[in-house]
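# Inside the fold
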Amino acid sequence: MPSPKSTAFPSAVQAILLFVALFLCELVVGAALRDANGWLGLNGMQLGVLSTVLGNGCVFAVVMHYQQLTYRQLFHASPMSVRATLTMVVPPVLLLVPALMVTVITALNLLVLVAPLSPWEESLFSRMADGSVAATLAVCVVAPLLEEMLFRGIVLRGFLQRYARWHAIVGSAVLFGAAHLNIYQFLVGLVLGLVLGWLYERTRSLIPCVALHATYNTGTLFVGDWPTDASRADAVWTLLLVLVAAVVGVLALRRLLVTPGAGKPRR
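Summary of the structure given here. (Residues numbered from 1 in each chain as written. Predicted model: local features only at pLDDT ≥ 70, side-chain atom pairs only at ≥ 80, totals over all residues. Heavy atoms only, no water.)

## So, the packing of aromatic side chains
Defined as follows: Only centres within 6.5 Å qualify two rings of Phe, Tyr or Trp (six-membered ring in Trp) as a pair; their planes then separate them into stacked at under 30 degrees, edge-to-face at over 60, and tilted for everything else. Counting from the N terminus, the helices are the DSSP runs of H or I reaching at least four residues and the strands are the DSSP runs of E reaching at least two. The buried label goes to any residue with under 20% of its type's maximum accessible area, the exposed label to any with over 50%, and the partly exposed label to all in between, with areas taken from a 1.4 Å probe on protein chains only. Placement of a charge over a ring requires the Lys NZ or Arg CZ to be within 6 Å of the ring centre, with the centre-to-atom vector within 35 degrees of the ring normal.
Tallying each qualifying case throughout the model produces 4 aromatic pairs. Between the aromatic rings of phenylalanine 19 and phenylalanine 151, the centroid separation amounts to 4.9 Å while the plane-to-plane angle is 35°, which identifies the pairing as tilted. Taken as a pair, phenylalanine 19 in helix 1 (residues 12–35) and phenylalanine 151 in helix 8 (residues 133–162) lie far apart in primary sequence, 132 residues in all. What makes phenylalanine 19 buried here is its relative accessible area of 14%. Here the aromatic residues Phe19, Phe151 and Phe176 are joined through ring pairs into a cluster of three or more. A cation over a ring is seen here: arginine 152 above phenylalanine 176, with NZ or CZ 4.4 Å from the ring centre.

## Points about the pattern of salt bridges
Filter applied, for reference: Note on definitions: salt bridges are taken to be side-chain nitrogens of Lys or Arg within 4 Å of carboxyl oxygens of Asp or Glu.
Applying the stated criterion across every chain yields a total of 3 salt bridges. With its nearest N and O atoms 3.3 Å apart, the salt bridge here joins glutamate 201 to arginine 165. With glutamate 201 in helix 10 (residues 183–203) and arginine 165 in helix 9 (residues 165–178), this pair connects stretches of sequence that are 36 residues apart. By relative accessible area, glutamate 201 is classed as buried at 4%. Judged by its relative accessible area of 26%, arginine 165 falls in the partly exposed class. What emerges from the salt-bridge pattern is a single network uniting Arg165, Glu201 and Arg202.

The structure is reproduced here in structure tokens:
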């Protein structure tokens with residue numbers, strides 16, 4: 001990476017230490033909740049979701065105080081209003097989701113051929129998609145919200161103030177993938193992280209990032225893998241619609257967000 005432009009938090013090393021602190025905090029909170037689970041009566045997935053929320057809450061409270069940031073500044077530091085972001089930016093962002101799903105699913109299928117899932121990984125992904133309320137909330141709501149707050153709202157925000165634009169985006173995407181601790185989600189995190197990083201750099205808002213992340217996770221959870229029983233004609237038409245939606249979304253976003261870093265963070 002180039003020489004730092006400023007001393008903004010976090011640097012690359014500080015970001016890694018931040019993830020370690022978050023991981024340890026979740027372990028401590030999870031252990032405390034398991035000890036108290038006699039009167040809580042929660043299952044394993046519910047305990048995992050609660051420990052994630054509480055662990056992240058502890059870390060966010062410290063980081064936000066250290067940076068003297070409000071949640072309003074964290075979520076939406078753009079000169080574009082929240083209403084305009086929701087009505088003008090989010091719709092074309094959502095048009096990108098089908099193309100992202102097709103791209104990532106294809107890449108994952110190729111990766112699994114080279115590196116088959118281990119029993120532990122199969123169990124992990126099965127629990128994430130078991131259809132329970134806790135698992136659905138974790139994948140579709142909790143993960144997109146907390147991960148965008150951390151990886152784009154704190155990490156990428158700081159990186160963009162320290163490093164060159166694409167060094168910051170790529171660096172945050174690599175960290176986002178690595179934080180999932182397995183090669184399959186690393187691949188997903190890297191692809192999504194690049195798109196989400198570009199989107200945040202252009203908008204300085206977490207609103208479209210959370211919308212894309214949550215819609216992608218929901219789509220993969222409920223739509224699942226690419227249908228193998230579809231006819232060739234149906235598959236071609238589906239891919240064509242996916243491509244058209246992606247092109248329309250990209251063109252609309254390029255027109256709306258022509259200036260890199262549109263909306264410098266408000267102080």
